[in-house]
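Residue-level structural notes
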Amino acid sequence: MRIGFIGLGNMGRHMARHLIHAGHLVTVHDARPEAAVEHLAFGARWADTPADCARDAEFLITMLPTPRVVEEVLLRGGAAEALPQGALWIDMSTSTPATADRVSAEVLDARGVRRLDAPVSGMARGAEAGALQIFVGGADDDFRIALPAFEAMGDPDRILHVGPLGAGYTVKLMINLLWFSHLVATSEVLAMGVKAGVDLGVLRSSLLASPAASNFLQHDIMCVLADGDYDDSFAMALACKDLGLAVDLGRDLGVSTELSALVEQIYRRSKAQHGDLAGEMSPVRLYESLAGREFRLPNPAVSLDGVPVTL
């Protein structure tokens, strides 16, 4: 399969590499040519412009940071106009249906180019392992045609066709919104508990043994509790972008977003304090400050009774 791939950031660079290793003929482009060094070493072709990357592609995959950049690459960068008739554009960015609709209305529909929205979850480590979750919106026939490419980048058991065009974007925004909300709620609970004098490990174990248990508390927050890692593979600027898109979607749909808007405010406060490039879990640091201590487990791999646990 001839695949053009645009966007070799923290996620996209791994995704493109897996496509190359799966035997596809991959042409790559990024705003930073140096990002493609490893891909060229593995046999990929470099394209100087988005249009060059799209010109001979059967699939064009975009993995870009914002809807504005998606529109810039596809329209002003010429990628949409360069796609051959009958090609398939697969946008794996966390973007919006409105952006993709504009690209289609202005260029793709008249050229007979189909499209899928297929954003991903799994963080950079999932991309590196080729174990991403992929949420695909679009026609069933197009989903089946693209499935071998998705399976090269993701976990085959977690590649989901979630509905028509736009459904993939929506599902991904809802996943991010709920995850960020989990982070804020969990941080607030931990701050209150430890400031009241409860041992952090005892508090976490108690929560995990209760109806309040969550995957976030069991797994995701362990990078902070064990290693002080706030996950700088996904920047606060992007987290705030995703929250803004989700809140905007709720407002457009007439759904009340009071809680989501508050989570967005907390994230924006953390971005202002810790910087655009700080890790997506940096809001935890706001609550560590309120608690007067960092949230760290001295021996995170051992439970309270000394029995090893799986993290």
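Parameters and conventions
Residues numbered from 1 in each chain as written. Predicted model: local features only at pLDDT ≥ 70, side-chain atom pairs only at ≥ 80, totals over all residues. Heavy atoms only, no water. Helix = DSSP H or I, 4+ residues; strand = E, 2+ residues; numbered from the N terminus. Rg over C-alpha atoms; globule rule 2.2 N^0.38 Å. Buried < 20%, exposed > 50% of the residue type's maximum accessible area, 1.4 Å probe, protein only. Contact = heavy atoms within 4.5 Å. Areas by Shrake-Rupley, 256 points an atom, 1.4 Å probe, with all protein chains shown as cover. Lys, Arg positive; Asp, Glu negative; His and termini not counted. Charge placed at Lys NZ, Arg CZ, Asp CG, Glu CD. Axes fitted to C-alpha atoms, helices over the stretch in contact; angles between N-to-C directions. Parallel < 35°, antiparallel > 145°, perpendicular 65-115°, else oblique. Left-handed = near helix turned anticlockwise from the far one by under 90°. Nonpolar A, V, L, I, M, F, W, Y, C, P; charged D, E, K, R; others polar. Core = buried A, V, L, I, M, F, W, Y, C linked by side-chain atoms within 4.5 Å. Salt bridge = Lys/Arg side-chain N within 4 Å of Asp/Glu carboxyl O. Phe/Tyr/Trp six-rings, centres within 6.5 Å; stacked < 30°, edge-to-face > 60°. Polar contact = N/O pair within 3.5 Å; in protein donor to acceptor, adjacent residues only side chain to side chain. Pairing = 2+ DSSP bridges. Right-handed = clockwise from strand over helix to strand, strands pointing away.

**Section: the overall build of the chain**
- Helices and strands together make up the secondary structure of the chain, namely 15 helices and nine strands.
- In terms of overall size, the chain behaves like a compact globule, its C-alpha atoms giving a radius of gyration of 21 Å where 311 residues would be expected to give roughly 19 Å.
- Taken over 311 residues, the chain has a buried fraction of 53%.
- For the chain, contacts bridging at least 24 residues in sequence account for 67% of all contacts bridging at least 6.
- When the accessible surface of the chain is split by element, carbon and sulfur atoms take 55% of a total near 13,900 Å².
- For the chain, the separation between the mean place of its 26 positive charges and that of its 39 negative charges on side chains is 3 Å.

**Describing the packing of helix α4 (residues 67–76) against helix α6 (residues 97–111)**
- Between α4 and α6, the shortest axis-to-axis distance is 9 Å and the interhelical angle comes to 15°. Here α4 is positioned roughly parallel relative to α6, judged by the angle of their axes. Remark: the crossing between α4 and α6 carries right-handed chirality. The residues of α6 that touch α4, namely those facing P67, V70, E71, L74 and L75, are T99, R102, V103, E106 and V107.
- Tallied by class, residues from the contact of α4 with α6 come to six nonpolar, one polar and three charged.

**Description of the side chain of D142**
- Here D142 is to be found in helix α8 (residues 140–153).
- Other than its neighbours up to four places away in sequence, D142 contacts L88, R114, R115 and L116.

**Focus on the nonpolar core**
- W179, L183, Y267, M281 and F295 are the most contacted members of the largest nonpolar core, which has 39 residues in total.
- Mapped onto this core, the elements with two or more residues apiece are α9 (167–195), α10 (200–208), α11 (215–220), α12 (222–227), α13 (236–253), α14 (258–274) and α15 (283–291).
- By residue number, the principal contributor to this core is α9, which donates nine residues.
- Apart from residues no more than four positions distant in its own chain, F295 is found in contact with S187, L190, A191, V194, L200, V224, L225, V284, Y287 and E288.
- Ranked by size, the runner-up nonpolar core spans 34 residues in total, among them L19, A118, I134 and A146.

**Focus on the pattern of salt bridges**
- Across all of its chains, the model carries 18 salt bridges by this definition.
- The network of salt bridges with shared partners includes R13, R17 and E38.

**Things to note about the packing of aromatic side chains**
- Within the structure shown, the criterion is met by four aromatic pairs.
- On the basis of an interplanar angle of 75° and a centroid distance of 5.3 Å, the ring pair of W179 and F216 is categorised as edge-to-face. Pair noted here: W179 is in helix α9 and F216 is in helix α11, with a separation of 37 residues, a long-range link. Residues W179 and F216 agree in their burial class; the two are buried.
- Taking 4.8 Å as the distance between ring centres and 55° as the angle between the ring planes, the aromatic pair formed by F180 and Y267 counts as tilted. Taken together, the residues span a long stretch of sequence, with F180 in helix α9 and Y267 in helix α14 at a distance of 87 residues.

**What about the packing of helix α1 (residues 12–21) against α8?**
- Where α1 meets α8, the closest approach of the two axes is 8 Å, and the angle between their N-to-C directions is 115°. As for the relative orientation of α1 and α8, their crossing is right-handed in sense. Contact with α1, carried on its side by M15, H18 and L19, involves A149, A152 and M153 of α8 and no other residues of that element.

**A closer look at the side chain of S93**
- Mapping S93 onto the fold places it in the loop between β5 (88–91) and α6.
- Reaching out from S93, the side chain makes a polar contact with the side chain of D91 at a distance of 2.7 Å.
- Not counting residues up to four positions away in its chain, the partners in contact with S93 are T62, M63, L64, V70, P119 and Y169.

**Structural notes on the pairing of strand β1 (residues 2–6)**
- Most of β1 is tucked away: four of the five residues are buried.
- Note that β1 and strand β2 (residues 25–29) share five bridges and pair parallel. Residue F5 lies in a different strand from β2, and its bridge partner there is V28.
- With α1 bridging β1 and the parallel β2, this β-α-β connection has right-handed handedness.
- As judged from the four bridges shared by β1 and strand β4 (residues 59–62), these two strands associate in the parallel manner. By the bridge assignment, F5 is partnered in β4 with I61.

**Some thoughts on unusual backbone geometry**
- Phi is positive for M123, close to 60°, though the residue is something other than glycine.
- In this structure, D231 is a non-glycine residue whose phi angle is positive, near 60°.
- In this fold, D231 is placed in the loop between α12 and α13.
- Residue D231 is classed as buried on the basis of its relative accessible area of 8%.

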